[in-house]
Amino acid sequence: MTLAEFDFDLPPERIALRPAAPRDHARLLEVSADGELADRTVADLPSRLRPGDAVVFNDTKVIAARLIGRRERDGHAARIEATLHRRLGPSRWAAFVRPAKRLEIGDRIAFGETRERACSLSVLDAAVAEKGEGGEVSLEFDLAGDELDRAVDLAGLMPLPPYIAGRRAEDERDRADYQTVYAKVDGSVAAPTAGLHFTPQLLRAMTEAGLSAHFVTLQVGAGTFLPIKTETLERHVMHAETGFVDADTAAALNAARARGGRIVCVGTTSLRLIETATDADGQVRPFSGETRLFITQGYRFRAADALMTNFHLPKSTLFMLVSALIGRERMQAAYAHAIA
């Protein structure tokens, strides 16, 4: 298939710049297998699922991965913006930088507060260790381990999606708005956004409705925002993300399905990880490692029976995933309904 087949008109004013308050008051469009559409709210979710269904959440925690720094060389300074996206070691991160053309291997960048050096955690310096393609570099920081993590948290900004960051500046609210209420495992540089709509009250209502909650971890990378650059989808190489499914969770999901329950994934990140961890016989297995699974038309789903997800951008891998689950024409009709 071609990239153009997944295009549609998305007016910028239809993209929310702030979440609904309370979170579970966001509007929800229910799309049934036969294409029937129903307008609801997220708070209706427990009544739309079935007792015995197993709901899978991604418990990753977003770090303040967007760093603003200054590179000085030969008396000349340049402002550098880096978005960390993959941990390479205790003191090293892969990052997308802008403008990459102003950096050379060996350059030093001072991130965070550079005027007041009294506190070591206000100092976040790094050297450019490697340069790759597409603005990617490897940064070797002077700090390592937990000390580096604390410094990044102090100096960094929440990495808003480009379609929001291009329309408003970051602020302190984003630290809470772009974190799920069940976030636990540090490491993501982008939010698993479907989970942002859940509140403690909604989670309790789901339990009372006979639904079970299960948590997996997929560390979402900044690559999730990268556009597809190949017109033919078969040539696209998916970015790698690290995920974990423990043995207890795998066993619980298999047991739920054996009892007739469905696996309902919250977010494309949870779905991609569960599908990666499931074998050809439909059994979810413990998993620890990287996934590059690219789900598009023709993919045979092994575990996921239903999905709760946000709307996605035209020509994105995420729109391709939801189209694979329920059909491209059906999904385009649902998007047209929502936009209208």
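See the structure shown above.
Because the structure is predicted, anything quoted here is derived from the model rather than measured.

(A) Spatial organisation of the sheet that holds strand 13 (residues 241–245). Strand order in the open sheet made by the six strands is 15-13-12-3-14-16, with mixed pairing throughout. Across the chains shown, the open sheet's two edge strands, defined by having one partner strand only, are strand 15 (287–291) and strand 16 (306–308). In this sheet, adjacent strand axes meet at a mean angle of 25° when their direction is disregarded. Both strand 3 (residues 54–58) and strand 14 (residues 263–266) contribute to a ladder of three bridges, which runs parallel. By the bridge assignment, Val55 is partnered in strand 14 with Val264. Across the sheet, helix 7 (residues 268–277) touches strand 3, strand 12 (212–219), strand 13, strand 14, strand 15 and strand 16, and the angle it forms with strand 12 is around 90°.

(B) Expanded view of the sheet that holds strand 9 (residues 124–131). Spatially, 5-6-7-10-9-8 is the arrangement adopted by the six strands of the closed barrel, whose pairing is antiparallel. Neighbour to neighbour, the strand axes of the sheet diverge by 45° on average, direction disregarded. Alignment of strand 6 (residues 76–87) against strand 7 (residues 92–98), held across six bridges, turns out to be antiparallel. Of the residues in strand 7, the one forming a bridge with Arg86 is Ala94.

(C) Structural detail: the environment of Asp7. Relative to the assigned elements, Asp7 resides in the segment before strand 1 (27–31). With a relative accessible area of 38%, Asp7 lands in the partly exposed category. Spatially, the C-alpha atoms of Asp7 and Ala213 are 34 Å apart, while their sequence positions differ by 206 residues. Filtering out sequence-adjacent residues up to four positions away, Asp7 remains in contact with Pro314, Lys315 and Gln332.

(D) Fine view of the packing of aromatic side chains. Counting across every chain of the model gives 11 aromatic pairs. Judged by centre distance (5.0 Å) and plane angle (55°), the rings of Phe8 and Phe319 are tilted. Of this pair, Phe8 sits in the segment before strand 1 while Phe319 sits in helix 8 (residues 317–326), and the two are 311 residues apart along the sequence. When its relative accessible area of 16% is taken as the criterion, Phe8 is described as buried. With a centroid separation of 5.1 Å and an interplanar angle of 85°, the aromatic rings of Phe57 and Phe198 are classed as edge-to-face.

Criteria and cut-off values
One numbering rule holds for all chains: residues counted from 1, following each sequence as written. Note on the predicted model: pLDDT of at least 70 is required for a residue's local features to be given, and 80 or more for side-chain atom pairs to be given and counted; whole-chain, interface and lining totals, by contrast, use all residues. The basis for every side-chain value is the complete set of non-hydrogen atoms in the structure, without hydrogens or water. DSSP calls a pair of strands paired once it identifies at least 2 bridges connecting them. Numbering of helices and strands starts at the N terminus; helices are DSSP runs of H or I of at least 4 residues and strands are runs of E of at least 2. To get an axis, fit a line to the C-alpha atoms, keeping to the stretch in contact for a helix; angles then go from 0 to 180 degrees between the N-to-C directions. Contacts between residues were defined by any pair of non-hydrogen atoms, one from each residue, lying within 4.5 Å. Relative accessibility thresholds used throughout: buried, under 20% of the residue-type maximum; exposed, over 50%; partly exposed, between the two (1.4 Å probe, protein chains only). Centres within 6.5 Å make a pair out of two Phe, Tyr or Trp rings, where for Trp the six-membered ring is used; the pair is then stacked when the planes are under 30 degrees apart, edge-to-face when over 60, and tilted otherwise.

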